[in-house]
Amino acid sequence: MSIYEIQQEILKLKKEKDICILAHCYQSPEILEIADFTGDSFALSVSASKVTNKTVIMCGVRFMAETCKILSPEKTVILSNPTAGCPMAEMMDKELISQVKEEYPDYTVVAYINTTSELKTVCDVCVTSSSALKICKALDSDKILFIPDCNLGSWISAQLPEKEFKLLNGGCPTHAKMSAQDVKRAKELHPDALFLVHPECRPEVVALADYVGSTTGIMDYALKSEHKEFIIGTENSIVTHLQLKCRDKRFYPLSKDLICNNMKATTLTDVLNCCEGTGGEIIELDEDTRLKAKACIDRMIELG
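Note that this is a predicted model, so its numbers are computed, not measured. (Residues numbered from 1 in each chain as written. Predicted model: local features only at pLDDT ≥ 70, side-chain atom pairs only at ≥ 80, totals over all residues. Heavy atoms only, no water.)

Peer 1: So what exactly am I meant to see when it comes to the environment of Lys-15 here?
Peer 2: Relative to the helices and strands, Lys-15 is located in helix 1 (residues 3-16). On the accessibility criterion, Lys-15 (73% relative accessible area) is exposed. When the C-alpha atoms of Lys-15 and Asn-53 are compared, they prove to be 9.7 Å apart, with 38 residues separating the residues in sequence. (Helix = DSSP H or I, 4+ residues; strand = E, 2+ residues; numbered from the N terminus. Buried < 20%, exposed > 50% of the residue type's maximum accessible area, 1.4 Å probe, protein only.)

Pasting the structure below:
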């Protein structure tokens, strides 16, 4: 079957079987084209919770599918490729953070959305990369234990000097391997380009940026900017998506190595197999875990 034929079969099956397909923006264009919703992880889960479809397929990684199940317990949530995990989400577990909380009992535990559902059960509030600054600022506590991404935590703490942050050594391996030298090389090749970067990158990389923001924030900035050239400091699929959206602009990767292999694990055939009922993994969460993890997310929504 050709890509087009597979896409047409998916579109037919999802209509017949009442399926909603979610695709994170790091997915390939052929997957984004057949998705009902595309975007960042939490926004996808919120969108899924508002539709009437009984089955949801998550084209992303495991913690995203878990978040979807947390918000939509009545739906069948399927992770399109069961091997698609997130190294950052898996770096820290419930036991470790429970121990750290005992050492820092007066700290509010702020969990990046890129964490497992189990870990969220021992955290006070969840954040996304776009909401982290606003929520940390809104917290009554002036002592914050920010997990798991120390780079995002460092970027937030620099903007909130009135608060005390405790950071652990965790983060996104893909973003964290970028260096200031990578930025220098990219700027030498493209001297007229603005540098847009995700805050999961190292502080010395973020310090060189013209804009810092979430994946969708980076895309929105590039789309709306009058500037014509951009170096993109996040997963390289965003370069491809922006090139397709803006043929009158030029987009360059910070590095050819800025690739998330877990996001690339999902294929169009995986999605077809899920629609046919022969692939993917149904996400199951016990109700105690789901409710405790949801409390962490509800607090995020309450704070904005």
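Peer 1: How should the sheet that holds strand 2 (residues 37-39) be read in this particular structure?
Peer 2: Sheet strands line up and pair through hydrogen bonds in the backbone, either parallel or antiparallel. Across the sheet, 5 strands lie side by side as 2-1-3-4-13; this open sheet has mixed pairing. Each edge of the sheet is formed by a strand with only one pairing partner; in this case those strands are strand 2 and strand 13 (281-282). Set on the sheet, helix 14 (residues 268-276) makes contact with strand 1 (19-24), strand 3 (55-59) and strand 4 (76-79); between it and strand 3 the angle comes to about 165°. (Pairing = 2+ DSSP bridges. Contact = heavy atoms within 4.5 Å. Axes fitted to C-alpha atoms, helices over the stretch in contact; angles between N-to-C directions.)

Peer 1: What is the right way to look at the sheet that holds strand 11 (residues 229-233) in this model?
Peer 2: Overall, parallel pairing links the 4 strands, which are arranged 10-9-11-12 in an open sheet. Of all strands in the sheet, those bounded by a partner on one side alone are strand 10 (211-212) and strand 12 (250-253).

Peer 1: Even after reading the chapter, I still don't get the environment of Val-197, so can you show me in this structure?
Peer 2: Structurally, Val-197 is set in strand 9 (residues 194-197). Look at Val-197 and you get buried, because its relative accessible area is 0%. It is 11 Å that separates the C-alpha atoms of Val-197 and Ala-222, two residues lying 25 residues apart in sequence. Setting aside residues no more than four positions away along its own chain, Val-197 makes contact with Val-205, Val-206, Ala-209, Tyr-211, Val-212, Gly-213, Ile-218 and Gly-233.

Peer 1: Where do I start with helix 15 (residues 287-303) in this structure?
Peer 2: Every α-helix winds through 3.6 residues per turn, so residues three or four apart in the chain are directed the same way. Taking 1.5 Å as the rise per residue, helix 15 with 17 residues should run 24 Å; its terminal C-alpha atoms sit 24 Å apart, in good agreement. Those residues of helix 15 lying buried are Thr-289, Arg-290, Ala-293, Cys-296, Ile-297, Met-300 and Leu-303. Contacts from the buried residues of helix 15 go to helix 3 (41-50), helix 4 (62-71), helix 6 (117-120), strand 6 (125-127) and helix 7 (132-138). The residue sitting at the N-terminus of helix 15 and contributing the capping side-chain oxygen is Asp-286; that oxygen lies 3.2 Å from the backbone nitrogen of Asp-288. Count one or two residues on from helix 15 and you reach Gly-304, which has phi positive near 110°. (Expected span 1.5 Å × (residues − 1). Polar contact = N/O pair within 3.5 Å; in protein donor to acceptor, adjacent residues only side chain to side chain.)

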